[in-house]
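# Residue-level structural notes
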Amino acid sequence: MEKWSLMTITVLLALTVRWAVSLGSYSGAGKPPMYGDYEAQRHWQEITYNLPIRQWYFNTSDNDLLYWGLDYPPLTAYHSFVCAYIAKLINPDWVALHTSRGYESQPHKLFMRTTVFVADLLVYIPAVILYCFSLKETSAKKKASTCALCILLYPGLILIDHGHFQYPLSLGLALWAVLCLSHDWDLLGSVAFCLALNYKQMELYHSLPFFCYLLGKCFKKGLKGKGLVLLAKLAGTVLVSFAACWLPFGTDVEQIMQVLRRLFPIDRGLFEACMFSSPTHCPDKVANIWCSLSVLIKIKNVISPRTQLKLSFAVTFLSLLPACIKLTVQPSLRGLKFALVSCALSFFLFSFQVHEKSILLVSVPVCLIINEIPFMATWFLLVSTFSLLPLLLKDELLLPYAVTTPAFLAVCLASFSILEKTSAEDLQLKAFSLSLKGYVSWFKSFPRIVRSLFLLSLAGMGVLSVLSAAAAPPQRLPDLFPLAVAVVSCLHFLLFLVYFNVVILWDSKNRGQKKIS
């Protein structure tokens, strides 16, 4: 009973923080003609409720795709329809075709915020709680609730879901997939991940680790025996799951092709959310390599869109290949979690048409290993929240950012004593350090160096946050501060990518993992 009491307090605190953040502004509030992501979600409810399914993804007189056209997979559309059905019962004006465009009112805001709360309570939060209880390292009653508190208070996800406005369903379903695989419920885990992928196509960031883990498991069992049976079951499960999600569109090839064109608009080029037309103008600032390099090299001016796509694919594939090979050869739950981090970070840094919110696809897997490497996980989660600062400032979420971020750091300091866990062993670098013994003399000073870099990083992010919020940039460089945030964050992420790959490649023990037989 005690462990559930602690967990109840944890959940109530997490919900209170979410409620407080939701009282503030949201994406595009009072900013016609396009408004923002809040209006996009409302508009999808309008479209899915009033139009037949065959028109959801097509440009028609009733469905202007240039005005927040639906560009997510079918499960997002079905979810929008369910929300719209409830909205219609409360107030038909909220989803009235055409006339509801840009609708804003306090009752409607309460309704929309409530839909996010319900998604959190039904999908994301239960997955976090059960995951923390399942951790062998956190068998003590207090530890499970402590780990859950740190995960549930991660400010990046709270500020985007309950501030900016977004649903946590795809990330929650991906967590359920990890949870199922940790109990050897491979088929249920496959279903959960298929649902996540069919809710948001960005779950492709996580697809290769899941695929490699399950394939490696089949190899370990033997492809002439149990492994072949498992492979056949997994293939059947995936096919059935996708067929169920796409059934309303499966009767018409053109329907399927149009949905795919909306999901993957490759003709837009490499830059969708980070189009630097000049060093002094950048509409949205994404902390990935292409946007950062474009400050110096005008990539979109010197490379054709098709070549950009090929280059992005090649670099992304090469950067995630080592982790995927290791996971296939040595499948383990620990390896899966680290591979989810590494592969998602590779996609964020190098892939095609990245949005700044996509960093959450890296951050949630990092939350899963916060009990194993609390220092580096906390550092990464702070940087990932910082990278969202330009978007948060645009949405007038400075105060929630300024409160939740230091609070999260304080909770992690109190829960894990992170500044005391900077040795090579604590950072999972013992095997790597032994391989460098005799070559790198400064490794003895490693803990002190890492702590110093962490404090320097915090100071830099703090200064840039204050400047971004309070200082006026030079007239000649109006986007100086957002650009600095993006570049500084990108440099951090590149170093984190190297670190996570080192941990993965030098980890031969797969500690605490059940033997796959």
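Residues numbered from 1 in each chain as written. Predicted model: local features only at pLDDT ≥ 70, side-chain atom pairs only at ≥ 80, totals over all residues. Heavy atoms only, no water.

## Topic: helix α7 (residues 169–182)
- Spanning 14 residues, α7 covers 20 Å between terminal C-alpha atoms, matching the ideal 20 Å at 1.5 Å per step.
- Phi for D184, located one or two positions after α7, is positive at around 65°. (Helix = DSSP H or I, 4+ residues; strand = E, 2+ residues; numbered from the N terminus. Expected span 1.5 Å × (residues − 1).)

## Concerning the environment of A486
- Inspection of the secondary structure puts A486 in helix α21 (residues 480–505).
- Judged by relative accessible area, which is 3%, A486 ranks as buried.
- For the pair formed by A486 and N288, sequence separation is 198 residues and the distance between their alpha carbons is 7.5 Å. (Buried < 20%, exposed > 50% of the residue type's maximum accessible area, 1.4 Å probe, protein only.)

## Overview of the domain arrangement of the protein chain
- As far as domains go, the protein chain holds domain 1 (167–263) and domain 2 (265–507).
- Between the C-alpha centres of domain 1 and domain 2 there is a distance of 27 Å.
- Facing 23 residues of domain 1, the contacting portion of domain 2 comprises 25 residues.
- Note on domain 1 versus domain 2: buried area summed over both sides is about 2000 Å², and carbon and sulfur give 81% of it.
- For domain 1, the biggest contributors to the area lost against domain 2 are Y205, P209 and Y213; these three give 34% of the whole. (Domains from an automatic or database assignment. Contact = heavy atoms within 4.5 Å. Buried area = accessible area lost by both parts, 1.4 Å probe.)

## Side note on the side chain of K109
- Assignment of secondary structure puts K109 in helix α4 (residues 106–134).
- One buried charge, K109, has no salt-bridge partner; the nearest side chain with opposite charge is E104, at 9.4 Å.
- Among all residues touching K109, those that are not within four sequence positions of it are S22, L23, G24, Y26 and Y38. (Lys, Arg positive; Asp, Glu negative; His and termini not counted. Salt bridge = Lys/Arg side-chain N within 4 Å of Asp/Glu carboxyl O.)

## A closer look at unusual backbone geometry
- For the bond running from P32 to P33, omega is 5°, close enough to zero to count as cis.
- Relative to the assigned elements, P33 resides in the loop between α1 (2–22) and α2 (37–50).
- With phi around 50°, W68 is a residue other than glycine that occupies positive phi space.
- Inspection of the secondary structure assignment puts W68 in the loop between α2 and α3 (74–90).
- In the Ramachandran plot, H98 falls in the positive-phi region, its phi being about 75° despite a non-glycine side chain.
- Its location among the elements puts H98 in the loop between α3 and α4.

## A look at the packing of aromatic side chains
- Enumeration according to the criterion identifies 24 aromatic pairs in this entry.
- The interplanar angle of 85° and the centroid separation of 5.5 Å between the aromatic rings of W44 and Y72 together place this pair among those described as edge-to-face. Taken together, the residues span a long stretch of sequence, with W44 in helix α2 and Y72 in the loop between α2 and α3 at a distance of 28 residues.
- By relative accessible area, W44 is classed as buried at 5%.
- Ring centres 5.8 Å apart and planes at 85° place the aromatic pair W379 and F496 in the edge-to-face group. Placement of the pair is W379 in helix α16 (residues 374–387) and F496 in helix α21, with a sequence separation of 117 residues. Assigned by exposure class, W379 and F496 land together as buried.
- Among the aromatic residues, those joined into a cluster by ring pairs are F348, F375, W379, F380, F454, F493, F496, Y499 and F500.
- The positively charged end of R101 is found above the aromatic ring belonging to Y67, 3.7 Å away from the centroid.
- Its guanidinium or amino end placed over the ring of Y72, K200 lies 5.3 Å from that ring's centre, counting from NZ or CZ. (Phe/Tyr/Trp six-rings, centres within 6.5 Å; stacked < 30°, edge-to-face > 60°. Lys NZ or Arg CZ within 6 Å of the ring centre and 35° of its normal.)

## Here we look at the pattern of salt bridges
- In total, this model carries 10 salt bridges according to the counting rule given.
- Taking the shortest distance from any N to any O, the salt bridge between R18 and D120 comes out at 2.8 Å. Taken together, the residues span a long stretch of sequence, with R18 in helix α1 and D120 in helix α4 at a distance of 102 residues.
- Residue E372 pairs with R334 through a salt bridge whose shortest N-O separation is 2.5 Å. Of this pair, E372 sits in the loop between α15 (360–368) and α16 while R334 sits in helix α14 (residues 333–350), placing them 38 residues apart in sequence.

## Looking at the packing of α2 against α4
- Where α2 contacts α4, the axes come no closer than 12 Å and their chain directions differ by 85°. Taken together, α2 and α4 sit at an angle that is classed as roughly perpendicular. In contact with Y38, Q41, R42 and Q45 of α2, α4 contributes H108, K109, F111 and M112.
- Grouping the constituent residues of the contact of α2 with α4 by class yields 3 nonpolar, 3 polar and 2 charged. (Axes fitted to C-alpha atoms, helices over the stretch in contact; angles between N-to-C directions. Parallel < 35°, antiparallel > 145°, perpendicular 65-115°, else oblique. Nonpolar A, V, L, I, M, F, W, Y, C, P; charged D, E, K, R; others polar.)

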